[in-house]
Amino acid sequence: MQLTKLALGLGLALGMAATALAQTTMRISISTAQNSHQGVAIDTFAKEVEKRTGGRYKVQTFYNGALGGERESIEAVQLGTQELAFSSTGPVPNFVPETKILDVPFLFRDKAHARAVLDGPIGQDLLTKFDAKGFKALAWAENGFRHMTNSKRDVKTPEDLKGLKMRTMENPVHIAAYKGFGIITTPMAFPEVFTALQQGTVDGQENPLPVIISAKFDQVQKHLSLTGHVYSPCIFVMNKAVFDKLSPVDKQAFIDAAKEGTKANRARVDEDDAKGVADLRAKGMTVIDDLDKSKFVAALAPVNAQFEKEFGKANLDKIRNYK
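Just so it is clear, the structure is predicted and the values come from calculations on it, not from any experiment.

Description of the nonpolar core
- In this structure, Phe108, Phe130, Phe135, Trp140, Leu161, Phe181 and Ile235 are the most contacted members of the largest nonpolar core, which totals 45 residues.
- When contributions to this core are tallied by element, the ones reaching two or more residues are α3 (70-79), α4 (111-119), α5 (121-128), β4 (135-150), α6 (172-180), β8 (223-239), α12 (301-311) and α13 (313-320).
- A total of five residues in this core trace back to one element, the largest contributor, which is β4.
- Among all residues touching Leu161, those that are not within four sequence positions of it are Met148, Arg153, Val155, Phe181, Gly182, Ile183 and Phe296.
- Counting 25 residues, the second largest nonpolar core, distinct from the first, contains Met26, Tyr63, Ala141 and Phe236.

Set out below in structure tokens:
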């Protein structure tokens with residue numbers, strides 16, 4: 001009897017050891033807080049990967065730029081020193097130039113339009129462009145529509161932006177557009193932004209409401225204008241060599257887990273957008289929500305002419321008119 005118990009105990013221990021040995025741990029990172037639309041995305045993804053692979057794969061989650069800013073994380077994934085990252089598309093065109101088109105200002109009518117484009121043939125075709133650059137793009141997710149904040153003055157018209165020193169993402173399309181508004185652009189990795197605003201290194205920044213809320217920018221910015229000037233997607237990226245080593249079933253598990261992460265992420269963006277303005281007003285921010293967007297569009301006419309040359313008017317119209 002004792003021998004049987006011992007054998008069972010040894011068998012169980014060996015089984016547990018084998019399971020532990022068989023488990024592969026990967027890392028995924030974001031630049032924002034865990035309690036954010038991006039945190040929800042990677043937490044859901046990690047849970048789903050573990051569930052869908054029967055615990056054979058575990059994804060460790062890192063927040064607040066713990067493994068570096070977005071550009072550094074994407075670079076690490078490309079090099080294979082990090083398996084996964086979840087990032088806004090801010091720095092992505094530096095790696096996959098075809099994605100630049102998504103950052104053109106006032107390209108998308110609303111979130112429903114943007115999501116339809118990304119989930120449809122245009123967005124899915126763009127995901128394939130990552131393969132040649134050392135990535136497997138698992139799914140598009142969302143950062144939201146970007147709005148302007150600053151510590152100097154209310155921004156009601158494009159003229160009010162002139163001369164403001166604004167932190168921008170390390171994104172060539174954004175930089176060109178904001179210079180068109182007369183903004184003094186200062187590209188900077190996200191983890192540095194709060195301190196730069198606090199110290200007055202820059203006057204302002206631009207981000208979607210979910211980012212403004214989770215980063216607590218209300219503590220260092222007084223004025224918010226709901227410009228909605230650029231729709232900002234997010235993306236799940238994985239090192240291509242790591243993805244290619246997975247079995248077909250596990251490959252699908254990772255893709256499906258990313259889709260579930262996207263669902264949770266978009267739901268949180270909707271929630272933050274719905275309550276964000278009241279929340280930020282309650283924290284003392286002045287919110288300008290009755291802007292004449294047509295004036296901002298008109299101010300960018302020369303820059304948009306350049307974008308039409310660069311990307312092709314037909315390609316931009318294909319996105320603008322997508323239903």
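Comments concerning the packing of aromatic side chains
- In the structure shown here, the tally under the stated rule is twelve aromatic pairs.
- Taking the centre distance of 6.2 Å and the plane angle of 75 degrees together, the rings of Phe130 and Phe135 count as edge-to-face.
- Among the aromatic residues, those joined into a cluster by ring pairs are Phe45, Tyr57, Phe86, Phe236 and Phe254.

Side note on the environment of Glu70
- Note on placement: Glu70 falls in helix α3.
- Along the primary structure Glu70 and Ala33 are separated by 37 residues, whereas in three dimensions their C-alpha atoms are 13 Å apart.

A closer look at the environment of Gln38
- Here Gln38 is to be found in helix α2 (residues 37-52).
- Given the relative accessible area of 1%, Gln38 is considered buried.
- Distance from Gln38 to Tyr63, taken between C-alpha atoms, is 9.0 Å for residues 25 residues apart in sequence.

Focus on the packing of α4 against α5
- Between α4 and α5, the shortest axis-to-axis distance is 3 Å and the interhelical angle comes to 50 degrees. The angle between the axes of α4 and α5 places the two elements in the oblique class. For the pair α4 and α5, the contacting residues are Val117, Leu118 and Asp119 in the first and Ile122, Gly123 and Gln124 in the second.
- Partitioned by chemical class, the residues of the contact of α4 with α5 number three nonpolar, two polar and one charged.

Conventions used here
- Residues numbered from 1 in each chain as written.
- Predicted model: local features only at pLDDT ≥ 70, side-chain atom pairs only at ≥ 80, totals over all residues.
- Heavy atoms only, no water.
- Core = buried A, V, L, I, M, F, W, Y, C linked by side-chain atoms within 4.5 Å.
- Buried < 20%, exposed > 50% of the residue type's maximum accessible area, 1.4 Å probe, protein only.
- Helix = DSSP H or I, 4+ residues; strand = E, 2+ residues; numbered from the N terminus.
- Contact = heavy atoms within 4.5 Å.
- Phe/Tyr/Trp six-rings, centres within 6.5 Å; stacked < 30°, edge-to-face > 60°.
- Axes fitted to C-alpha atoms, helices over the stretch in contact; angles between N-to-C directions.
- Parallel < 35°, antiparallel > 145°, perpendicular 65-115°, else oblique.
- Nonpolar A, V, L, I, M, F, W, Y, C, P; charged D, E, K, R; others polar.

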